[in-house]
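Letter by letter, the chains look like this.
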Number of protein chains: 2
Amino acid sequence: MKIALDVMGGDRAPTVNIEGARKALNEFPDIEKIYMVGREDVVRPACDAARLDSTRIEIVNADDVVEMNESGLMAVRQKKKSSISVAVDLVKNGEAAAIVSAGNTGAAVAASTIRLHLLKGVERAGIVSQLPNDFGVCNVTDTGANPDAKPRHLVGYAVMASVLANKIYKKPRPKVGVMSNGAEDEKGSEFSKATFRLLKYMETQGNLPFEFLGNIEGHDLFEHEVDVVLTDGFTGNVLLKSCEATAIAFSNWLKRELKKNPIRIAGALLSSGAFQAMKNRLSYEAVGGSPLLGVKGVSIIAHGSSSSIAISNALRVAREMLACGVNPMIEEQMEQLGRIPDLSEIDIH
Amino acid sequence: MKIALDVMGGDRAPTVNIEGARKALNEFPDIEKIYMVGREDVVRPACDAARLDSTRIEIVNADDVVEMNESGLMAVRQKKKSSISVAVDLVKNGEAAAIVSAGNTGAAVAASTIRLHLLKGVERAGIVSQLPNDFGVCNVTDTGANPDAKPRHLVGYAVMASVLANKIYKKPRPKVGVMSNGAEDEKGSEFSKATFRLLKYMETQGNLPFEFLGNIEGHDLFEHEVDVVLTDGFTGNVLLKSCEATAIAFSNWLKRELKKNPIRIAGALLSSGAFQAMKNRLSYEAVGGSPLLGVKGVSIIAHGSSSSIAISNALRVAREMLACGVNPMIEEQMEQLGRIPDLSEIDIH
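Residues numbered from 1 in each chain as written. Chains lettered and ligands numbered in written order. Predicted model: local features only at pLDDT ≥ 70, side-chain atom pairs only at ≥ 80, totals over all residues. Heavy atoms only, no water.

(A) Region of the structure containing the sheet that holds strand 5 (residues 126-133) of chain A. Residues and elements named next belong to chain A. Taken in spatial order, the 11 strands of this open sheet run 3-2-1-4-11-10-5-6-9-7-8, and their pairing is mixed. Across the chains shown, the open sheet's two edge strands, defined by having one partner strand only, are strand 3 (57-61) and strand 8 (211-216). Going across the sheet, the axis of each strand differs from the next one's by a mean of 25°, ignoring polarity. Two elements, strand 5 and strand 6 (residues 136-141), share 6 bridges in a ladder whose sense is antiparallel. Residue pairing across strands places Ser129 opposite Val140, the latter belonging to strand 6. Of the strands in this sheet, strand 7 (175-179), strand 8 and strand 9 (228-230) are in contact with helix 7 (residues 190-204), which crosses strand 8 at around 160°. Contacting strand 5, strand 6 and strand 7, helix 9 (residues 233-258) runs over the sheet at an angle of about 30° to strand 5. (Pairing = 2+ DSSP bridges. Helix = DSSP H or I, 4+ residues; strand = E, 2+ residues; numbered from the N terminus. Axes fitted to C-alpha atoms, helices over the stretch in contact; angles between N-to-C directions. Contact = heavy atoms within 4.5 Å.)

(B) Seen up close, the packing of helix 1 (residues 15-27) of chain B against helix 13 (residues 308-324) of chain B. All names here are of chain B. Interaxial distance between helix 1 and helix 13 falls to 7 Å at its minimum, and their mutual angle equals 50°. Classified by the angle their axes make, helix 1 and helix 13 are oblique. Crossing of helix 1 against helix 13: the hand is right-handed. Residues Val16, Asn17, Glu19, Gly20, Ala21, Lys23, Ala24 and Glu27 of helix 1 touch helix 13, and the partners they reach there are Ser308, Ile309, Ile311, Ser312 and Leu315. Grouping the amino acids of the contact of helix 1 with helix 13 by side-chain chemistry returns 6 nonpolar, 4 polar and 3 charged. (Parallel < 35°, antiparallel > 145°, perpendicular 65-115°, else oblique. Left-handed = near helix turned anticlockwise from the far one by under 90°. Nonpolar A, V, L, I, M, F, W, Y, C, P; charged D, E, K, R; others polar.)

(C) Structural detail: the sheet that holds strand 6 (residues 136-141) of chain B. Residue and element names in this part refer to chain B. Spatial strand order, 3-2-1-4-11-10-5-6-9-7-8: 11 strands in an open sheet with mixed pairing. Sheet topology places strand 3 (57-61) and strand 8 (211-216) at the edges, where each strand pairs with a single neighbour. Sheet twist, expressed as the mean angle between neighbouring strand axes with direction ignored, is 25°. Relative to strand 8, strand 7 (residues 175-179) runs parallel, the two being bridged by 5 bridges. Along strand 8, the bridge assignment pairs Met179 with Ile216. Set on the sheet, helix 6 (residues 151-167) makes contact with strand 5 (126-133), strand 6, strand 7, strand 9 (228-230) and strand 10 (289-293); between it and strand 9 the angle comes to about 165°. Contacts from helix 7 (residues 190-204) reach strand 7, strand 8 and strand 9, with the element oriented near 160° to strand 8.

(D) A look at the nonpolar core. Among the nonpolar cores identified, the biggest contains 65 residues, and Met36(A), Leu230(A), Met321(A) and Ile330(A) are the most heavily contacted of them. When residues of this core are assigned to their parent elements, the largest contribution, 10 residues, is made by helix 6 (residues 151-167) of chain A. Apart from the residues within four sequence positions on either side, Met321(A) is in contact with Leu164(A), Ile168(A), Pro291(A), Leu293(A), Val298(A), Ile300(A) and Val326(A). Membership of the second largest hydrophobic core comes to 63 residues, among which are Ile168(B), Met202(B), Val228(B) and Leu315(B). (Core = buried A, V, L, I, M, F, W, Y, C linked by side-chain atoms within 4.5 Å. Buried < 20%, exposed > 50% of the residue type's maximum accessible area, 1.4 Å probe, protein only.)

(E) Quick peek at the relation of the copies chain B and chain A. Least-squares fitting of chain B to chain A yields an RMSD of 0.0 Å, with the superposition described by an axial translation of 0.0 Å and a rotation of 180°. The operation mapping one copy onto its partner corresponds to a two-fold rotation axis. Judged by C-alpha distance, Gly267(B) is the residue of chain B that lies nearest the rotation axis, at 1.9 Å. Same-surface contact between copies: 100% of interface residues of chain B are shared with the interface of chain A. (Least-squares fit on C-alpha atoms with pLDDT ≥ 70 in both.)

Right, dumping it as structure tokens:
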């Protein structure tokens, strides 16, 4: 398989991107080629210095870069030769099967949606991010593609993320909940309550290809088997980043406490295996990248602050998505789901 | 000072509520009296058994209880004799100065707003919850009173939470940010972007009694000095519970890892002081209760799963709020702020 990498995207690009590509080429022999997309005068000497296997990379020039503080949609319209747009075009033209970017998320979403187009039956693409729990992972959808989502978009996310939970995380009938401010049916914002009603209605019609859990709240993310959590892209992004920030703050505070006196330091040395295991479990590096579901082809959004390990793992996720055939199953299930009714049709009372 | 306690509210009521009252009476001699509000046939024998100082409590009968899964507003309208309504009425009638409840949040908010009325100049009440950070605490507002807030409500929250940050957390000029899905000015949902524009406009008019930081994102909660974070009650509730859930999950996983072999167990014993310090730092027990800002009188919303320590600390928060004179300063600052313009007035472009 062939993957296009936006070498210029991310806070620590291009260095960590190139190092990540090197790691991925070493680890995954089934990656035939990585297209290294970016300013050739920067990328070529850096690839040479990092000693990337020249038979498995191809440098593709792109003059522009979308900065992190640009409006994604505007940047994609104005900078036709940005590394993200050129990388997406390689997928559009069939040269690559997947694109990986750690750059401006809005631009990666806009370029993927506009240039690759949506899968049949899909109204909006959504980013699926994984939080680790005792049952595998909880797939939070959407974490930023569509900040002002409509309830019907979340029905689509439910189907798409369930396919992911099924194909990648081996859940035969994924459990899907609506993120809310309480687990009771009555809880929620106007938006989340409308989403709840829509899914409840479709459940009674008997055509949901997953188990609908109703509303869930914070602690359900980690304590219960919830395979998919539905939310708008704004709340999902806030949720994901707040969880990450809490884990990082916790771990920093603990480190500081453990260094406070020699006895604690000795204790920490003895238990260091436990801390390493925690680090592996929680690191977004290990997750690597979040698939943008709903577009033709595979588009992986990596963290802006990705390390080389995170980039390598984002390439791994692209590889898994390609191997599992997620997209054909999404189109099939969207067709089986049929038309998503308008809220006005179900809210007759 | 005299405080009314909803003895029937919360997942572990009335036991932990009564034990919490006992702790608070021991610790805080300036609490003259706690009104213990609930079903007298339940509360009186329980107070006797717990040996509460009978000269400093007064049992007030309330026949009904609002259950956790009821609609708060409906319950307040229909159950006039619920423990939460009777407790709030003690404040309304001037017998108590503050009310503390760990019961149905919606009911506590509705009863406080409807029966106590809003402070002069306040359009909506908001719950302020504290997240610990290296600079003290970050006051997240609103965490659940008003799930479908309007941008202008968040301007009011900014003023009220800044007064709290000033009076209780001793910040001379609090730093206030808008919760968003990215720190750049362009990021956000339609709602958060409108809030940003409104605050930016009012900043240029020179009448904000705080420092406006613009947008903030997850990691800013813990890593930077942000005294107040503004968000709608739905997102704020999701944010707060997700942070709590992450800290609990982190700590459970770490415990499990530390027990995996005898060497790690020995290490954990040596470092146990560090774990205890972490527990104290992160526990919502230590925070106790979140003030509902904007109502006449003091209303403290405690966690539904409050322990007796949490209840005792919620009573402590009520005491601090009363001692600091937060409400007069809120009315003063709302008057100085003047009229909050409509979005249509500032969005002329």
